[in-house]
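Chain by chain, the residues run as shown.
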Amino acid sequence: MLRLQVPLPDHYTTMSAAELEQSIRAAKQTLGERLLILGHHYQRPEVFRWADASGDSFKLARFAADNQRATDIVFCGVHFMAESADVLTGDHQRVILPDLNAGCSMADMADIDQVEEAWEALAEVVDVERVVPITYMNSSAALKAFVGRAGGAVCTSSNARAILEWALARGEKVLFFPDQHLGRNTAYAMGYTSADERVWNPRQELGGLEDRDVKEATFLLWKGHCSVHQRFRPEHVRAARTEHPGVQVIVHPEVSHDVVALADKVGSTERILAWVEDAPSGAVLGIATEVHMVQRLAAEHPDKTIFTLDPLVCPCSTMFRIDEPHLAWVLDHLVRGEVVNRITVDAETSEWAKVALQRMLDIT
Ligand code: 13P
Ligand code: SF4
């Protein structure tokens, strides 16, 4: 998807670190409680430090839904998170993404035309009244609206199991998009096996499946993935265990199942944070998730050995687009009463996306 971020005025790109810090601090002070800066765990440290609230995508969605006071919510994260915040906030609130090019390559792996085509193709083979569509939070508002209309819900990495249990109490099959790994890892944790799943390839007719496959599968898993998390391989876990006997291996559920199978703990970024905080002094923790988060945790817990399982650094390039110059730029506009980079979801999409998001909030 093409989104255009206008180039920043030179003033911002040439500011020193100290000038940027001063500018952001002053803008925050002026804006006071009108402003809420939300920061995802993957943000670079110089941005993360400005967040009024931080969390995984679920916690940040809750913050957005619960905060009525701030009129301007600056979302230091990626586009789908800002869209969800816009859906969940009131009409008096505006959501701003400091860099419009901060998307998510996984979210872009399923678009509304492909999902509608998949649904129509499924309807020719099975009764779609018995199929519950579930979209990962990492998806466009249009996909969330689709699942809202079709009786499904949104899930995040922290509540996928509860949402899938809910879905299978309502229907007999789940169409899960766009991350096959989160879908598979959650299904297996619930006791299902590879016999219960089929991968739906949106580029092929009927997802590349036979009618029989569609009828037999409990989980139809969209062929999507996170390019950051799929880098982690079982060899990384084995190497960590050889090099650090006693290491605790903690992974995000977007990694592939062969890595999950070797891990000690699997959870969302917020759970990873909690496990690190709860680990005793001297603990050795090898983590498979975005590297800025791992580095921050290592810096915050010098009494523990914390390292990324992938020795070749593994950043999320879109999260990394949010930097201090862009943050200073949007805040300066707000101080002048101007809004740049507002993220809005049209009324009809928003209405149905909210249904799907609210189901998630109500279930978990
Ligand atoms: P969390 O919900 O765990 O924060 O994950 C979001 C994400 O994009 C992970 O890649
Ligand atoms: Fe998307 Fe992966 Fe980046 Fe998360 S880490 S925002 S899933 S590209």
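The rules we used
Residues numbered from 1 in each chain as written. Chains lettered and ligands numbered in written order. Predicted model: local features only at pLDDT ≥ 70, side-chain atom pairs only at ≥ 80, totals over all residues. Heavy atoms only, no water. Buried < 20%, exposed > 50% of the residue type's maximum accessible area, 1.4 Å probe, protein only. Helix = DSSP H or I, 4+ residues; strand = E, 2+ residues; numbered from the N terminus. Pairing = 2+ DSSP bridges. Near = heavy atom within 4 Å. Polar contact = N/O pair within 3.5 Å; in protein donor to acceptor, adjacent residues only side chain to side chain. Areas by Shrake-Rupley, 256 points an atom, 1.4 Å probe, with all protein chains shown as cover. Nonpolar A, V, L, I, M, F, W, Y, C, P; charged D, E, K, R; others polar. Contact = heavy atoms within 4.5 Å. Axes fitted to C-alpha atoms, helices over the stretch in contact; angles between N-to-C directions. Parallel < 35°, antiparallel > 145°, perpendicular 65-115°, else oblique.

Trainee: Any chance you could break down the pairing of strand β3 (residues 72-76) for me, citing the residues and the numbers?
Mentor: The element β3 is extensively covered by neighbouring structure, given that five of its five residues are classed as buried. Residues Asp 72, Val 74 and Cys 76 point to one face of β3 and Ile 73 and Phe 75 to the other, with burial holding for every one of them. Pairing of strand β1 (residues 35-40) with β3 involves five bridges; the strand directions are parallel. The residue of β3 that forms the bridge with Ile 37 is Val 74.

Trainee: Describe the site of ligand 1, naming the residues involved and giving the relevant values.
Mentor: For ligand 1, the full set of nearby residues is His 40, Tyr 42, Asp 56, Ser 57, Tyr 136, Asn 138, Ser 157, His 229, His 252, Glu 254, Ser 268 and Thr 269. Here an oxygen atom of ligand 1 sits 2.8 Å away from a polar atom, N or O, in the side chain of Ser 157. Here ligand 1 has 300 Å² of accessible area as a free molecule, and 96% of this is covered by the chains. Of the residues that constitute the shell around ligand 1, the class distribution is two nonpolar, eight polar and two charged.

Trainee: Can you break down the side chain of His 301 residue by residue, with the values?
Mentor: Mapped onto the elements, His 301 comes out in the loop between α14 (291-300) and β13 (305-308). According to the relative accessible area criterion, His 301 is buried, its value standing at 12%. In contact with His 301, not counting residues within four places along its chain, are Val 276, Glu 277 and Ile 306.

Trainee: Talk me through helix α9 (residues 180-189); I want residue IDs and the actual numbers.
Mentor: Counting buried residues along α9, eight of its ten residues qualify, which places the element largely inside the surrounding structure. Looking at α9, one finds that the buried residues are Gln 180, His 181, Leu 182, Gly 183, Arg 184, Asn 185, Thr 186 and Ala 187. By the N-cap criterion, in which a side-chain oxygen at the helix start approaches the backbone nitrogen of a residue two or three places on, α9 is capped by Asp 179, the distance to His 181 being 3.1 Å. Immediately downstream of α9, the backbone of Gly 191 shows phi near 105 degrees, a positive value.

Trainee: Before we move on, can you summarise the sheet that holds strand β4 (residues 94-96) with the specific residues and values?
Mentor: Across the sheet, which stays open at both edges, the four strands sit in the order β2-β1-β3-β4 with parallel pairing between neighbours. The open sheet has two edge strands with one neighbour each: β2 (53-55) and β4. Each strand axis lies, on average, 25 degrees off the axis of its neighbour in the sheet, ignoring direction. Bridge analysis of β1 against β2 gives three bridges, and the strand direction is parallel. Bridge assignment links Gly 39 to a residue of β2, and that residue is Ser 54. Packed on one face of the sheet, helix α4 (residues 57-66) meets β1, β2 and β3 and runs near 145 degrees to β2.

Trainee: If you had to explain the packing of helix α8 (residues 160-170) against α9 to someone new, which residues and values would you point to?
Mentor: For the pair α8 and α9, the least separation of the axes is 10 Å and the interaxial angle reads 75 degrees. Considering their axes alone, α8 and α9 lie roughly perpendicular with respect to each other. Together, Ala 160, Arg 161 and Leu 164 of α8 and Leu 182, Gly 183, Thr 186, Ala 187 and Ala 189 of α9 make up the contact between the two elements. In terms of residue class, the contact of α8 with α9 is built from five nonpolar, two polar and one charged.

Trainee: How would you sum up the site of ligand 2? Please name residues and give values.
Mentor: Taken together, the residues surrounding ligand 2 are Tyr 42, Cys 104, Ser 105, Met 106, Asn 138, Cys 226, Val 228, Glu 254 and Cys 316. Classifying every residue of the shell around ligand 2 by side-chain character gives six nonpolar, two polar and one charged.

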